[in-house]
Amino acid sequence: LKLEEDLREAMRQNQLELRYQPQVDARTGAVVSLEALVRWKHPRRGMISPGDFIPVAERTGQIIELGEWVMSEVARHCTYWDTLGLDHFRVCVNISPLQFNQPELTRTIRDFLDRSGLDPRRIELELTESAIMTDARANIEKLKELAALGLDLAVDDFGTGYSSLSYLKRFPITTLKIDQSFVADMSSADGVAIVDAIIVLAKTLNLRSIAEGIETQEQLRHLVQNKCDLLQGYYFARPLYPEDVPEALRRNY
Ligand code: G
Ligand code: G
Ligand code: MN
Ligand code: NA
């Protein structure tokens, strides 16, 4: 209950902040997108990881308000980067299962796009595999509505849930995001086999593949060799302050 009350305060008192983690094009080394990741600077407890408070916010419903805050911050930061002439990259926004299941999600996202004037093609929503695969048949319409707004849709944590391949093919998604647990397990033959299989599946379905949680040269080499499209992880960059994004965009990784 304490964390819940604190979170309400946190949103009012600007204790939440967004960081942006670069996603690198495996062929060119350029940063082509950034994942927005929320951080909580608690006045007494210090940094609280979203792994600890997102589940609380999801349980209490505060994730709805938090999600709207994230979108308004993304819009604000995009406007700032625009003034520097930096607008050739996507921003990936995590959408929690509760948010996804809100009937008004499409309207919320449309309002966000209208208000901010952002080109929808610059936004990618990261939806978890379990959220979209639970009641998959009913979700086709919802995903079509979202896709019709012109933005990209990624399946986050791919491989950890139970995907129906036939739905995967029918969903208007653009990206498969290989869960970082599989990347972390790439020192084993099984781990490598799973990662390779997801990359091939993505190619077969004409989807972009992205691997997250890349920390080592060996992981990187294998992913590049096997034609994973995008790469994300501490090996390249930690989640960055918005002010540090311009330098990352100019760099070649
Ligand atoms: O940044 P970190 O690796 O600690 O994030 C932990 C978890 O919190 C991840 O599963 C990530 O998807 C989730 N998360 C981070 N930022 C957001 C956000 O803005 N919205 C939602 N719904 N989840 C987020
Ligand atoms: O569930 P989601 O994919 O949205 O979560 C991404 C999470 O992974 C974020 O909390 C982010 O901070 C974290 N992360 C990003 N890169 C790495 C990495 O290279 N190693 C580890 N261990 N975590 C990472
Ligand atoms: Mn994510
Ligand atoms: Na993930």
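Note that the structure is a prediction, hence the values are computed from the model and not measured. (Residues numbered from 1 in each chain as written. Chains lettered and ligands numbered in written order. Predicted model: local features only at pLDDT ≥ 70, side-chain atom pairs only at ≥ 80, totals over all residues.)

Engineer: When you look at the site of ligand 1 in this model, what are you seeing that I'm missing?
Structural biologist: As a structural note, the neighbourhood of ligand 1 is formed by A36, L37, V38, S49, P50, G51, I54, V70, N94 and S96. Mapped by element, the contributors of at least two residues to the shell around ligand 1 are strand 2 (31-42) and helix 2 (50-60). A class-by-class count of the residues in the shell around ligand 1 yields 6 nonpolar, 4 polar and no charged. (Near = placed C-beta within 6 Å. Helix = DSSP H or I, 4+ residues; strand = E, 2+ residues; numbered from the N terminus. Nonpolar A, V, L, I, M, F, W, Y, C, P; charged D, E, K, R; others polar.)

Engineer: Which parts of the structure should I look at to understand the environment of A237?
Structural biologist: Topologically, A237 is positioned in the loop between strand 9 (230-231) and helix 12 (245-250). Residue class for A237 comes out buried when judged on the 21 C-beta atoms lying within 10 Å of it. Residues A237 and A248, spaced 11 residues apart in sequence, show a C-alpha to C-alpha distance of 8.5 Å. Once you skip the residues sitting within four places of it in the chain, A237 turns out to touch Q21, P22 and A248. (Buried ≥ 20, exposed ≤ 12 C-beta atoms within 10 Å, placed from the backbone. Contact = placed C-beta atoms within 7 Å.)

Engineer: What am I meant to see in helix 7 (residues 136-148) here?
Structural biologist: In an α-helix, one full turn covers 3.6 residues, which means residues spaced three or four apart are oriented alike. Taking 1.5 Å per residue, 13 residues should reach 18 Å; helix 7 reaches 18 Å between its end C-alpha atoms and fits that length. Remark: G150 follows helix 7 within two positions and exhibits a positive phi of approximately 100 degrees. (Expected span 1.5 Å × (residues − 1).)

Engineer: For this particular structure, what's the right way to read the pairing of strand 8 (residues 208-211)?
Structural biologist: The side chains of a regular strand alternate between the sheet's two faces. Burial along strand 8 is two-sided: R208 and I210 facing one way and S209 and A211 facing the other are all buried. Bridge count between strand 7 (residues 175-178) and strand 8: 4 bridges; the pairing is parallel. Bridge pairing in strand 8 places K177 opposite I210. Pairing between strand 8 and strand 9: 2 bridges, direction parallel. Each bridged residue has a counterpart across the sheet, and for I210 the counterpart in strand 9 is L230. A crossover links strand 8 with its parallel partner strand 9, the connecting element being helix 11 (residues 217-225), and its sense is right-handed. (Pairing = 2+ DSSP bridges. Right-handed = clockwise from strand over helix to strand, strands pointing away.)

Engineer: Honestly, the packing of helix 1 (residues 2-12) against helix 3 (residues 62-83) in this entry has me stumped. Any pointers?
Structural biologist: A pair of packed helices is captured by two measures, namely the crossing angle of their axes and the spacing between those axes. Contact geometry of helix 1 with helix 3 gives a least axis separation of 11 Å together with a crossing angle of 20 degrees. In terms of axis orientation, helix 1 runs roughly parallel to helix 3. With respect to the hand of their crossing, helix 1 and helix 3 are arranged in left-handed fashion. Between helix 1, through L7, R8 and M11, and helix 3, the contact on the second element is made entirely by Q62, E65, L66 and W69. In the contact of helix 1 with helix 3, the residues fall into 4 nonpolar, 1 polar and 2 charged. (Axes fitted to C-alpha atoms, helices over the stretch in contact; angles between N-to-C directions. Parallel < 35°, antiparallel > 145°, perpendicular 65-115°, else oblique. Left-handed = near helix turned anticlockwise from the far one by under 90°.)

Engineer: Would you mind showing me how to read the environment of F171 here?
Structural biologist: Within the secondary structure, F171 sits in the loop between helix 8 (165-170) and strand 7. With 24 C-beta atoms counted inside 10 Å, the residue F171 sits in the buried group. Measuring from C-alpha to C-alpha, the distance between F171 and L146 comes to 11 Å, with 25 residues separating the pair along the chain. If near-sequence neighbours (up to four positions away) are discounted, F171 is found in contact with I132, I140 and L143.

Engineer: Hey, could you run me through the site of ligand 2 in this one?
Structural biologist: Close contacts around ligand 2 come from 13 residues, with N94, G213, E215, G233 and Y234 the closest. Within the shell around ligand 2, the residues separate by chemical class into 4 nonpolar, 5 polar and 4 charged.

Engineer: Which parts of the structure should I look at to understand the nonpolar core?
Structural biologist: The tendency in soluble globular proteins is for nonpolar side chains to be buried as a group. Within the largest apolar cluster, 62 residues are counted, with the highest numbers of intra-cluster contacts made by A36, V93, L125, L127, I178 and A211. A per-element tally of this core places helix 3 first, with 6 residues. When residues no more than four places from it in sequence are discounted, the contact partners of L127 are I95, F100, I132, L153, A154, V155 and D156. (Core = buried A, V, L, I, M, F, W, Y, C linked by C-beta atoms within 7 Å.)

Engineer: It is not clear to me how unusual backbone geometry should be interpreted in this structure. Could you clarify?
Structural biologist: In most cases, non-glycine residues show a negative phi, while peptide bonds are predominantly trans. Phi at D135 is positive, roughly 60 degrees, even though this residue is not glycine. You can see D135 is positioned in the loop between helix 6 (129-133) and helix 7. Taking the C-beta count within 10 Å as the criterion, D135 has 10 such neighbours and is therefore assigned exposed. The backbone phi angle of N206 is positive, close to 65 degrees, even though this residue is not glycine. Tracing the chain through its elements places N206 in the loop between helix 10 (189-204) and strand 8.

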